[in-house]
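Summary of the model geometry
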Amino acid sequence: MRDPLRLRRRVVVAALAGALLAACLAASAVGALRIPLPHLIAAIAQCFGIKMGRPASPIEDAALFAIRLPRVALGLGAGATLGIAGAALQALFRNPLADPGLIGVSGGAAFGAVGWIVLGASAPAWMHDPFSTPLAAFTTGLATAAGVYWIASRGARSEIATLLLAGLAMNALTAAGVGYLSYLGTDAQLRALTFWLLGGLGGATWREIWPMLLLMGVAGLGLLSLRRSYDVLALGERSAGHLGLNVELVRRATIGCVALGAGASVALTGIIGFVGLVAPHLVRLLGGPSHRFVLPASALMGALLLVLADLLARMAAAPAELPVGIVTSALGAPFFIALLRRRLAGSVT
Amino acid sequence: MSAGKPGLIRLLGLLGRDLSVVVGRRHLLGHVDIEATPGLLTAVVGPNGAGKSTLLKVLSGDLAPQSGVVFLNGQMLSAWSAEERALQRAVLPQTPELAFAFRAWDVVELGRHPHRCRSTRERDHTAVSKAMCLTETFDFARQDCSTLSGGELHRTHFARALAQIWEPRVGGLARVLLLDEPTASLDLFHQHAILGRAAQMARAGAAVLTVLHDLNLAAAYADRLVVLAAGSVDAAGPPAEVLTRERIERIWRVSAKIATNEDGTVRVQVSRSEAGRALLRDLP
């Protein structure tokens, strides 16, 4: 029997990939310095040793490779990671409202970053580096997620409801920490930490992006390898166990990979809301809930949403730019509410 | 295969010996001996709180008993890996869960998960479609499960359990099917249909064990009946021997008439006035 949904999923994935490519080209071209599309393509082709058309001017070249492309790469990586991490956590919690922030990694990262911004000022000079803030955010994010898992586990077992509550408690705790640190901070520090908390893709250079992209890639592949297990998990943990699934292993691997990926992404971009929540929802609406489709498609969708949101954030207030977290939340929340209303109208009971 | 090792109980099917479960101060199960024999449909019956679901949890490996052992095909249940267990026994829970709006076909296909490295796409496809035909779920195979009725959904999960143990096992290991009140959400026709299919699985060599509330359904389909009361086995044997007027009155606290059908099976008749009289007698 031919499966109409399978064809549809292929079309959706292809369309998302195409849209993502277009969005990346647009994001590379648009900005304070507009780079015409032929120049852009010629410059990128030149990297691969292909000579074509009129080469870009040195200024365009510099803007492209030092500013635009790192930004686009970070948007791609962070968006894809948030999307796939959201899909994986929703599968693990069997709840469509789960989001990478749920296991404490974003809250922990915020605490680490804000801590470094406020208290790091008094650290010895050799510790000051553009990489220090991301590193502080990444390690505390990971430590917080580990703490959440530790609270909810006893011996080799953990419980999903306790995990959720432990995440809530740790988020409250880190929020209190961030609040206290911002109370301590000077005006300049306050401005820096506010920008960090609102999220943004600007300012990062290849040197900081590469290692984090690598971590995101590892985490993404790890989650992707669990896609079949997530389908089985939809039957509930007990039934999944009856089907031979090692539920505890899946849980540990998921939380580990989400913490790693989301930790790396949050460390560079700050808090970016709603991408991890909305991307899997959209994808499920387009092609059904099978995780063999939802996981890769959420990665594409997350990347697309974040690259577009960043483009919008740069264009809306040009030549200044809005923090991208504001754009994702401002657009994501109403959209999400519309989805909820639609769901309410669609259900009979 | 380790079935040839000395010192193993070489009994196929599922076997529980001296099972006890204590939670807090409540003895949910006390020294229960039970077996699900290949080729037979065994029904566990008993009043509310008798420990039927607890017993099923122990037999399926969800709950470790304080004492006693469960053997699956001659080897301790805990000695099989989760995946090896899944290849020989399927469990249909009382209230199956499903997150997200999967289609009925996809749900049944999940039953093939333990076989994913061993089976071919054609064999999986055959198992899924045949299991769906047997349970009359094929008509809505492409339909989203959130649009199905409770009974349709339950049959879909039954089809998943059938697909899981569709092929007889090589090496002579028996397939085991555990059902927890499979008829609860079904209409009259499908109550009989699901138990008919379960009995058919037993005829094909599987060991089927089901928890049932309806004594008449149990009497009609079960080869063996196990009466559980207050956590221990009160009686076990063919339905006609086990279902006596005296036992039903003692355990279910209703007075009933036992009648014999033309085919030799028995049926239990409880009339409202008789049940009412039993209730009145219990009043202080």
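Note: the structure precedes this text.
Residues numbered from 1 in each chain as written. Chains lettered and ligands numbered in written order. Predicted model: local features only at pLDDT ≥ 70, side-chain atom pairs only at ≥ 80, totals over all residues. Heavy atoms only, no water.

Turning next to the overall build of chain A. Within chain A one finds 14 helices and 2 strands. In terms of overall dimensions, chain A is globule-like: its C-alpha atoms have a radius of gyration of 21 Å, near the 20 Å expected for 349 residues. Seen through its principal axes, chain A has C-alpha atoms that stretch 65 × 60 × 40 Å. Classification of the 349 residues of chain A by burial places 52% in the buried group. Taking contacts inside chain A between residues at least 6 apart in sequence as the whole, the part at least 24 apart equals 76%. Looking at charge distribution, chain A has the averaged site of its 26 positive side-chain charges lying 11 Å from that of its 13 negative ones. (Helix = DSSP H or I, 4+ residues; strand = E, 2+ residues; numbered from the N terminus. Rg over C-alpha atoms; globule rule 2.2 N^0.38 Å. Buried < 20%, exposed > 50% of the residue type's maximum accessible area, 1.4 Å probe, protein only. Contact = heavy atoms within 4.5 Å. Lys, Arg positive; Asp, Glu negative; His and termini not counted. Charge placed at Lys NZ, Arg CZ, Asp CG, Glu CD.)

In this section: the sheet that holds strand E6 (residues 89-92) of chain B. All names here are of chain B. Read from one edge of the open sheet, 6 strands run E6-E7-E8-E3-E9-E10, paired in mixed fashion. Bordering the open sheet on either side are E6 and strand E10 (232-237), each of which pairs with just one other strand. When strand polarity is set aside, the average angle formed by the axes of neighbouring strands in this sheet is 15°. As judged from the 4 bridges shared by E6 and strand E7 (residues 176-180), these two strands associate in the parallel manner. Bridge pairing in E7 links valine 91 to leucine 178. Lying over the sheet, helix H1 (residues 52-60) contacts strand E3 (41-45), E6, E7, strand E8 (207-211) and strand E9 (224-229), oriented at roughly 150° with respect to E7. (Pairing = 2+ DSSP bridges. Axes fitted to C-alpha atoms, helices over the stretch in contact; angles between N-to-C directions.)

Next up on the list: the pairing of E8(B). Residue and element names in this part refer to chain B. Where burial is concerned, most of E8 is hidden: 5 out of the 5 residues are buried. Side chains Ala207, Leu209 and Val211 of E8 all project onto a buried face; the interleaved residues Val208 and Thr210 project onto the opposite face, where all are buried too. Note: E3 against E8, 4 bridges, orientation parallel. Looking at the pairing, leucine 41 lines up with valine 208 of E8. Two strands pair when backbone bridges link them, and E7 and E8 are joined in this way by 5 bridges, in the parallel orientation. For valine 176, the partnering residue across the bridge sits in E8 and is alanine 207. This β-α-β element, E7 to helix H6 (residues 188-203) to E8, shows right-handed connectivity. (Right-handed = clockwise from strand over helix to strand, strands pointing away.)

For an α-helix, the turn length of 3.6 residues means that residues three or four places apart are oriented alike. Residue and element names in this part refer to chain A. Those residues of helix H2 (residues 37-47) that fall on the buried side of the exposure criterion are His39, Leu40, Ala42, Ala43 and Ala45. The inward-facing, buried residues of H2 contact helix H1 (4-29) and helix H3 (58-93). Positive phi shows up at glycine 49, right after H2, with a value of about 80°.

Of all hydrophobic cores here, the largest spans 119 residues; its most connected members are A:Ile103, A:Leu223, B:Leu177 and B:Val208. With 11 residues, helix H13 (residues 291-316) of chain A is the largest single contributor of residues to this core. There are two domains that each give this core at least three residues, and those are domain 1 (14-243) and domain 2 (244-284) of chain B. Apart from the residues lying within four places of it in its own chain, the contact partners of A:Leu223 are A:Ile84, A:Ala85, A:Ala88, A:Tyr230, A:Thr254, A:Cys257, A:Val258 and A:Leu295. Counting residues in hydrophobic clusters, the runner-up holds 33 residues, among them A:Trp196, A:Ala264, A:Leu268 and A:Ala309. (Core = buried A, V, L, I, M, F, W, Y, C linked by side-chain atoms within 4.5 Å. Domains from an automatic or database assignment.)

Here we take up the environment of B:Ile165. All names here are of chain B. Along the chain, isoleucine 165 turns up in the loop between helix H5 (150-164) and E7. Judged by its relative accessible area of 1%, isoleucine 165 falls in the buried class. Once the C-alpha coordinates of isoleucine 165 and methionine 201 are considered, the two residues, 36 residues apart in sequence, prove to be 9.7 Å apart.

What follows is about the interface of chain B and chain A. Facing the 29 residues of chain B at the interface are 28 residues of chain A. Buried area between chain B and chain A, summed over both chains or domains, comes out near 2300 Å², and the portion from carbon and sulfur atoms is 61%. At the junction of chain B and chain A, the tally comes to 2 salt bridges. One salt bridge in this structure joins A:Arg238 and B:Asp62, with 3.4 Å as the shortest N-O distance. (Buried area = accessible area lost by both parts, 1.4 Å probe. Salt bridge = Lys/Arg side-chain N within 4 Å of Asp/Glu carboxyl O.)

The subject of this paragraph is the pattern of salt bridges. Counting across every chain of the model gives 21 salt bridges over all chains. The partner of A:Glu321 in a salt bridge is A:Arg71, with the nearest N and O atoms 2.8 Å apart. With A:Glu321 in the loop between H13 and helix H14 (324-346) and A:Arg71 in helix H3, this residue pair connects regions lying 250 residues apart in the sequence. Three or more residues joined by partner-sharing salt bridges are found here, namely A:Arg94, A:Glu237, A:Glu248, A:Arg251 and B:Glu97.

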